[in-house]
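Tertiary structure, described
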Amino acid sequence: MKGGAKALTDVWMILITITVFAVLDLAASWFGSW
Amino acid sequence: MGVLGILIYLVVLFALAVPMGRYIYNALEGRLHWLGPLEGWILRIIGPAAKREQTWRQYWRSFILFNLLCMLITYAVLRLDTYLPLSQGVGLHLVPQGPHLAFNTAASFTTNTNWQNYSGETLTYLAQEFLMVLQFVSPALGLVIAIVFFRALVGRRDTLGNFYADLVRALVYIFLPVAAAAAVLLLALGLPDTFAGPAIVHTLQGAVQQIDRGPVAAFEAIKQLGTNGGGFFNANSAHPFENPNPVSNILAILLMSFLSTALVFTFGFYAKNRRQAVVLAGVTAALYMAGIAIVYLALVNGNPLIHQALGLSAKSMEGREVRNGTAGTALFVSATTAYTTGAVNAWHDSLPPLAGGLPLLFMMLNTVFGGKGAGMLNILMFAIITVFVAGLMVGRTPEFLGKKIERKEITLATVAMLVHPIIILAPTAFALVHRVGTSSILNSGFHGLTEVIYAFTSGAANNGSAFAGLGTNTPFYNVSIGLVMLVGRYLSMAAMMAMAGSLAAKRIVPASAGTLATDSWSFAWVYLFVTLIVGALTFFPALALGPIAEHLVMMGGAVK
C-alpha cells in the first residue's frame, strides 16, 4: 500500500472508532427516552 | 491435580467470594482508607470532575469518553510502535501493526476482550506495557458499571456516584494490590520479569537459539485477575514462561475467577439481601460445575476413532500441555470462557468436539459469572427477564428488590439480551457465505463452521480466546470482529445504564402477598431455565451444525 493510501486507512479507522462511540452515546440517550 | 483438585479449587473459590464481595463493596463505597494517600493523589490530579455526583447520563458520557480516549491512544501506540523505545531485543521480531490490525487490537484491549491477531513477541516492551495498563483499566471500567446498576436497584436516588472516583477506587483498592501480590507469587513460581531482552543460548547441537523474555510476571497477574487473557507470548498460558507448572496453572484459574464470583456477593451487600446473592451464585455455580464436568469427561474419554485404530484407551492429548494435567486443562478451559478471560492453556481447536463446544456455549450464555461487571450485568438482566416471565406465569407483580419492572425495563432488558445473538449470528452467517470470510477457514465441514462462530462469539462475549484454525488477521475479520467487540460490550451496557436511570428514579415498594420472592430456590429454577431456553436455544441451530454434529459423527465412527 502506498503512503497516501495508508494514511487514508488510518483516517478511516479513527473515524469508524469515533463514530461507533458517538453512536453508543446517542443510543444511551435514545434508550433513556423510551 | 485430579477431580479432588477441582473440588478443592471450588471450595477455595467460594470461601474467598464472600469476604472479597464485602471488600469490593467497602472499596467502591469509599469505606476503605488504607491506600488513601495514593487515592487522594490521583483524585487531586483529576480535580473537581471527580467530586461531583453524576446522573446515569453524565456517568455514561464520562465512561464512554474515557473508553474512546483509551482506544484512540492505544491505536496510536500500536501504529507508532516501530518508533518506540524498549524493543524486545535483537530486532528480528518487531512487526508494525497495520491500520486494520491496530483497530482490532485497540478495540480488543479497550473492551476487555484481548483477542489477539498478533503475537506478543512482535511488539516493543513499551507497547506491551501499555497494553498491560489497559488490562488494569478495562476490568475496572466493567466493574464500575455493574456497581452503578447495584446502586440504582437498591434505593431511590437521582445521582449514581462519580465515574472517576469509582474508577480510581476500583483500581487502587482492588486491581493494583491484588495484581501486585499475584505478580510476586508468580515470580516465585518461576515467571521471568525483566527488560533485559531475549536470552541467547547455544543448544547442545550447536545451534543458536533466541528465547524471548520480558516483564511477564507483572503482565500475567493482571491478565488473569482482570479476566483479560491477552498473552505476553503468542502461546499464551500454554507457554512455559506464562504458566510454568501446575501451581501457576491453578493460581491463574483462581485469579481469573474469584473477583467475578465475589461480585455476586457484592450485589448481596448492596441489596442488603445475602440470600439473593446466594441464590444467584448457587444457580450460576451449578452451570459452571456442569460445564467443568462435561469438558473433563470429554477429555478423559478421548476420541473413540483413535481407540479403534490403535487399540489404545487414551485420553485426548492433542493440543494439550502434559504438565497441566487433564483436570488442570478442563478447569482452565471452563474458567477462561465462563469468566470471559480468554487466556488459553490448550489449543481449543484440538479439543474433542464437546470439550470445544462447551466453552462456546459458556460464551454464548455469557452469564456463567462472566467478566468483571459485564457478567454480573448479564446475570441481573436475565434475573429481570425471569421476574417478568415468572410474574406472567403465576400472575404476580413483576418486581425485583422492591422496584417495579415495567414496560421500559423489560424493553431495555430485551434489547440488551438480543444484542449478543445478533452480533454473533449475523456476521457469522455473512462470513460463511462470502469469500472474504470463507477464504481463511482452514478446516472444512462442521469444524470449520465452529471456527468461524467461535471467533465472533469470543468477540461478542469480550472473551478473547481463539479456537484457531481460522486466519483472522485479514482486513475483513480484523474490522468485523473489532466492531463486534465494541458493540458487544457497550450497546448492552448502554441499555442497562438507561435501565439503571429508570430504576433509580423509582421508589421501593414494600413486599406484599402479590410479590414474587426472587431470593427463593424456586426462583432459581425458573432463572436457570429462562437462561438456558433464551440464552442457549437461540444458538442451538449453530451448535447443532458445529460441535454437536461433529461429536455425533465422531461417535458414529466417521472422520467427518
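Along its length, chain B carries 19 helices and 4 strands. In summary, chain B has a C-alpha radius of gyration of 23 Å against a globular reference of 24 Å for 560 residues, a match within 12%. Taking all 560 residues of chain B together, 60% fall into the buried category. In chain B, the proportion of contacts linking residues at least 24 apart, taken out of those at least 6 apart, comes to 80%. Here chain B has roughly 20300 Å² of accessible surface; of this, 68% comes from carbon and sulfur atoms.

The subject of this paragraph is the pattern of salt bridges. Residue and element names in this part refer to chain B. Counting across every chain of the model gives 13 salt bridges over all chains. K404 is paired through a salt bridge with E399; the nearest N and O atoms lie 3.5 Å apart. The network of salt bridges with common partners includes E29, E39, R151, D166 and R169.

Bringing the environment of G161 of chain B into the picture now. Residue and element names in this part refer to chain B. Mapped onto the elements, G161 comes out in the loop between α5 (125-154) and α6 (163-188). As for G161 and Q54, which are separated by 107 residues in sequence, their C-alpha atoms are 5.7 Å apart. Once residues within four sequence positions are removed from consideration, G161 is found in contact with R52, E53, Q54, Y59 and R151.

Quick look at the interface of chain A and chain B now. Contacts between the two partners involve 18 residues from chain A and, on the opposite side, 26 residues from chain B. Between chain A and chain B the total buried area reaches about 2100 Å² when both faces are included, carbon and sulfur atoms providing 77% of it. Among the residues of chain A in contact with chain B, F21, F31 and W34 of chain A are the three that bury the most area, contributing 30% of the side total. Counting across the chain A and chain B interface gives 3 salt bridges. Put simply, chain A and chain B have 6 residue pairs in polar contact (both at pLDDT 80 or more) between them. Looking at the side of chain A that touches chain B residue by residue, the class counts come to 11 nonpolar, 4 polar and 3 charged.

Take the nonpolar core next. Formed by 191 residues in total, the largest nonpolar core has its most connected members in L28, F149, F175, Y288 and F400 of chain B. For L28 of chain B, the residues in contact, after removing those within four places along its chain, are L143, V144, I147, R151, D166, R169, A170, I174 and Y270 of chain B.

A separate point is a nonpolar patch on the surface. Residues V3, L4, L7, I8, V12 and L16 of chain B make up a contiguous nonpolar surface patch of roughly 510 Å² in combined accessible area. With respect to the helices and strands, L4 of chain B occurs in helix α1 (residues 3-28).

Here we come to the packing of aromatic side chains. Applying the stated criterion across every chain yields a total of 30 aromatic pairs over all chains. Linked through ring pairs, F21 of chain A together with Y59, W60, F63, F66, F163, Y164 and Y490 of chain B together constitute an aromatic cluster. For the cation-ring pair, R57 of chain B lies above W56 of chain B, with the distance from its terminal atom to the ring centre recorded as 5.9 Å.

In this section: the side chain of N366 of chain B. Residue and element names in this part refer to chain B. Note on placement: N366 falls in the loop between α12 (353-365) and α13 (374-394). Given a relative accessible area of 10%, N366 falls into the buried group. When residues no more than four places from it in sequence are discounted, the contact partners of N366 are T340, G375, N378, H420 and A461.

Calculation criteria
Residues numbered from 1 in each chain as written. Chains lettered and ligands numbered in written order. Predicted model: local features only at pLDDT ≥ 70, side-chain atom pairs only at ≥ 80, totals over all residues. Heavy atoms only, no water. Helix = DSSP H or I, 4+ residues; strand = E, 2+ residues; numbered from the N terminus. Rg over C-alpha atoms; globule rule 2.2 N^0.38 Å. Buried < 20%, exposed > 50% of the residue type's maximum accessible area, 1.4 Å probe, protein only. Contact = heavy atoms within 4.5 Å. Areas by Shrake-Rupley, 256 points an atom, 1.4 Å probe, with all protein chains shown as cover. Salt bridge = Lys/Arg side-chain N within 4 Å of Asp/Glu carboxyl O. Buried area = accessible area lost by both parts, 1.4 Å probe. Polar contact = N/O pair within 3.5 Å; in protein donor to acceptor, adjacent residues only side chain to side chain. Nonpolar A, V, L, I, M, F, W, Y, C, P; charged D, E, K, R; others polar. Core = buried A, V, L, I, M, F, W, Y, C linked by side-chain atoms within 4.5 Å. Patch = residues over 30% accessible without salt bridge, like charges linked within 9 Å, V, L, I, M, F, W, Y side chains within 5 Å. Phe/Tyr/Trp six-rings, centres within 6.5 Å; stacked < 30°, edge-to-face > 60°. Lys NZ or Arg CZ within 6 Å of the ring centre and 35° of its normal.

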